[in-house]
Amino acid sequence: MDKEMEKLAIKGGYPVRSGKIYYGRQWIDESDVEAVANVLRGDYITCGPKVEELERTLEKYTGAKHAVAVSNGTAALHCACLAAGIGPGDEVITTPLTFAASANCVLYCGGTPVFADVEADTYNIDPNSIREKITPKTKAIIAVDFTGQAVKNKEIREICDEFNLIFIEDAAHSIATKYNGKQVGSLADMTCFSFHPVKTITGGEGGAVLTNNDEYHKRVVLAHTHGITHDAALMEDAPHEGPWYYEEIALGYNYRITDFQAALIVNQMKKLDSFAARRKEIVKKYDEAFKDVPEIIVQKEIPESDTCRHLYIVQLDLDKLTCTRREFFDAMSAENVQCQIHYIPVYWFPYYRKLGYNKGLCPVAEQIYKGIVSIPLYPKMNDQDVADVIHAVKKVVENYKK
Ligand SMILES: *Cc1c(COP(=O)(O)O)cnc(C)c1O
């Protein structure tokens, strides 16, 4: 290849590709459009048969006993915390390397998020750090399957059993991932999915809570619809007032999902396994391509996790490069490969600082944060897109390596 071609676009060279590619995007086809349109032409646009169908589909796919579809992943986490009985004085251990919602849901309930550090190689919450953070006030663990890789379910379950804690899995990244052959969704006490457009399948917005526990299921159902029940068996006062009668027996929210969103997710579920297969294929190509690039560290996977990856992260070994992470990011952008950073440690945000959290709390997560960049990963990428991303990464690294 001639030298001029490999000059960085940010320094006036030609970009690796002409059209911009983004770190993630949905894949909506005509069958999805049809599924939504059919609902809009019908009688129910919310609280109808498609919501039920989605719940049964999620149960069948994951093997969980119950699924409750809700308006988004954050609502799912909030409902799970409500069902777990989180309240003032309770501590909930989670990871800082996540989207803010994984910790915000604890604050919604008046509880206190406590951040455990992550493992340097897998980037997932470290069971040893969890143990160090447990106090008599600890009530639950919200473990995030970061980038789609299942957390160490066995170790976390053992901790929960030992200290009588509730295990909530934030699986916003990990639908279609298996841990020791079992589908994510069937493992923790409660598992939360998100169907935001950057996630593996989408409803525009949407979420779900899955559980094998009848009591948690009952509480999540109440939490997502005003704490109101039409079920005579649950009523406390007068179930015989008349057919119109219902009771509010808890304080709940309106976290319902519409039927047209549910129809979209049900239709996307049909493609989940093929989406997952394509994601795995791309991850394999990336792993292969970056194996011999010493300036780049890739995420380690535990053998128990059969991962459907939501994100692909390259961690820059900045000691081996002359650029900063920001310069790498900008150079990639000029090559028309738009990256993203997942995530800024949650407790670094001004809101959390005002609550008393300080930098330095989780040194491993902070160290990882300094070098990470998420490169494009979504099933609609074609082989040329994948090759372009690899080319861009190698080109930028080549230009900045020491
Ligand atoms: C996306 C995401 C959420 C929130 O889901 P929404 O559907 O956007 O509310 C929660 N946790 C993690 C780890 C996420 O990536």
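Please refer to the structure higher up on the page.
Heads up: these notes are all about the structure in this document.

1. A few points about the site of the ligand
Part 1 of the reasoning: Lining the immediate surroundings of the ligand are 16 residues, of which G73, T74, D170, S194 and K199 lie closest.
Part 2 of the reasoning: A distance of 2.5 Å separates an oxygen atom of the ligand from a polar side-chain atom of T74.
Part 3 of the reasoning: For the ligand, an oxygen atom lies 2.7 Å from a polar atom in the side chain of S194.
Part 4 of the reasoning: Considered on its own, the ligand offers 380 Å² of accessible surface; in the complex 92% of this is hidden by protein.
Part 5 of the reasoning: Listing elements by their share of the shell around the ligand, those giving two or more residues are α3 (73-83) and α4 (101-108).
Part 6 of the reasoning: The element best represented in the shell around the ligand is α3, accounting for three residues.

2. A look at the packing of α3 against α4
Part 1 of the reasoning: Closest axis-to-axis distance for the α3/α4 pair is 9 Å, and the angle between their directions is 45 degrees. Comparing the axis directions of α3 and α4 gives the class oblique. In the crossing of α3 with α4, the sense of the turn from one axis to the other is right-handed. Contact with α3, carried on its side by T74, L77, H78 and C81, involves A101, S102, C105, V106 and Y108 of α4 and no other residues of that element.
Part 2 of the reasoning: Class assignment of the residues belonging to the contact of α3 with α4 gives a composition of six nonpolar, three polar and no charged.

3. Notes on the nonpolar core
Part 1 of the reasoning: Among the nonpolar cores identified, the biggest contains 53 residues, and Y286, F290, F328, I375 and V393 are the most heavily contacted of them.
Part 2 of the reasoning: Breaking this core down by element, the ones donating at least two residues are α9 (272-290), β14 (312-316), α10 (325-334), α12 (363-371), β15 (372-375) and α13 (383-400).
Part 3 of the reasoning: For this core, the element with the highest residue contribution is α13, accounting for eight residues.
Part 4 of the reasoning: Those residues in contact with V393, other than ones at most four positions away along the chain, are F290, I296, F328, M332 and I375.
Part 5 of the reasoning: Grouped together as the second largest cluster of nonpolar side chains are 29 residues, Y61, A171, I175 and C308 included.

4. Quick look at the packing of aromatic side chains
Part 1 of the reasoning: Under the counting rule described, the total for this entry stands at 15 aromatic pairs.
Part 2 of the reasoning: With a centroid separation of 6.4 Å and 50 degrees between ring planes, the pair formed by F99 and Y343 is classed as tilted. Placement of the pair is F99 in the loop between β2 (91-94) and α4 and Y343 in the loop between α10 and α11 (350-354), with a sequence separation of 244 residues.
Part 3 of the reasoning: Note on Y343: relative accessible area 12%, which makes it buried.
Part 4 of the reasoning: Joined through ring pairs, the aromatic side chains of F115, Y347, Y351, Y352 and Y357 make up one cluster.
Part 5 of the reasoning: Positioned above the aromatic ring of W348 is the side chain of K359, whose terminal nitrogen or guanidinium carbon lies 4.0 Å from the ring centre.

5. Topic: the sheet that holds strand β12 (residues 296-298)
Sheet strands line up and pair through hydrogen bonds in the backbone, either parallel or antiparallel.
Part 1 of the reasoning: Strand order across the open sheet formed by three strands is β12-β14-β15, with antiparallel pairing between neighbours. Strands at the two margins of the open sheet, each flanked by one partner only, are β12 and β15. Across the sheet, the axes of successive neighbouring strands diverge by a mean angle of 35 degrees, strand direction being ignored.
Part 2 of the reasoning: Pairing analysis gives four bridges linking β14 to β15, with the strands arranged antiparallel. Directly across from I313, in β15, lies its bridge partner S374.

6. Overview of the environment of D237
Part 1 of the reasoning: Turning to its location among the elements, D237 is positioned in the loop between β10 (228-229) and β11 (247-248).
Part 2 of the reasoning: For D237, a relative accessible area of 63% corresponds to the exposed category.
Part 3 of the reasoning: With 145 residues separating them in the primary sequence, D237 and N382 have C-alpha atoms 60 Å apart.
Part 4 of the reasoning: Discounting residues that sit within four places of it in the chain, D237 has contacts with Y245 and E247.

7. Observations regarding the pattern of salt bridges
Part 1 of the reasoning: As enumerated under the stated definition, the model contains 28 salt bridges in all.
Part 2 of the reasoning: Of the charged contacts, one joins K300 and D121 as a salt bridge, the two residues approaching to 3.6 Å between their closest N and O atoms. Here the residue K300 occupies a position in the loop between β12 and β13 (305-306), and D121 occupies one in the loop between β3 (112-115) and α5 (127-133), the gap between them amounting to 179 residues.
Part 3 of the reasoning: What makes K300 partly exposed here is its relative accessible area of 44%.
Part 4 of the reasoning: The closest approach of N and O atoms between D317 and K320, which form a salt bridge, is 3.1 Å.
Part 5 of the reasoning: Salt bridges sharing common partners tie together E52, E55, R56 and E59.

Rules used throughout
Residues numbered from 1 in each chain as written. Predicted model: local features only at pLDDT ≥ 70, side-chain atom pairs only at ≥ 80, totals over all residues. Heavy atoms only, no water. Near = heavy atom within 4 Å. Polar contact = N/O pair within 3.5 Å; in protein donor to acceptor, adjacent residues only side chain to side chain. Areas by Shrake-Rupley, 256 points an atom, 1.4 Å probe, with all protein chains shown as cover. Helix = DSSP H or I, 4+ residues; strand = E, 2+ residues; numbered from the N terminus. Axes fitted to C-alpha atoms, helices over the stretch in contact; angles between N-to-C directions. Parallel < 35°, antiparallel > 145°, perpendicular 65-115°, else oblique. Left-handed = near helix turned anticlockwise from the far one by under 90°. Contact = heavy atoms within 4.5 Å. Nonpolar A, V, L, I, M, F, W, Y, C, P; charged D, E, K, R; others polar. Core = buried A, V, L, I, M, F, W, Y, C linked by side-chain atoms within 4.5 Å. Buried < 20%, exposed > 50% of the residue type's maximum accessible area, 1.4 Å probe, protein only. Phe/Tyr/Trp six-rings, centres within 6.5 Å; stacked < 30°, edge-to-face > 60°. Lys NZ or Arg CZ within 6 Å of the ring centre and 35° of its normal. Pairing = 2+ DSSP bridges. Salt bridge = Lys/Arg side-chain N within 4 Å of Asp/Glu carboxyl O.

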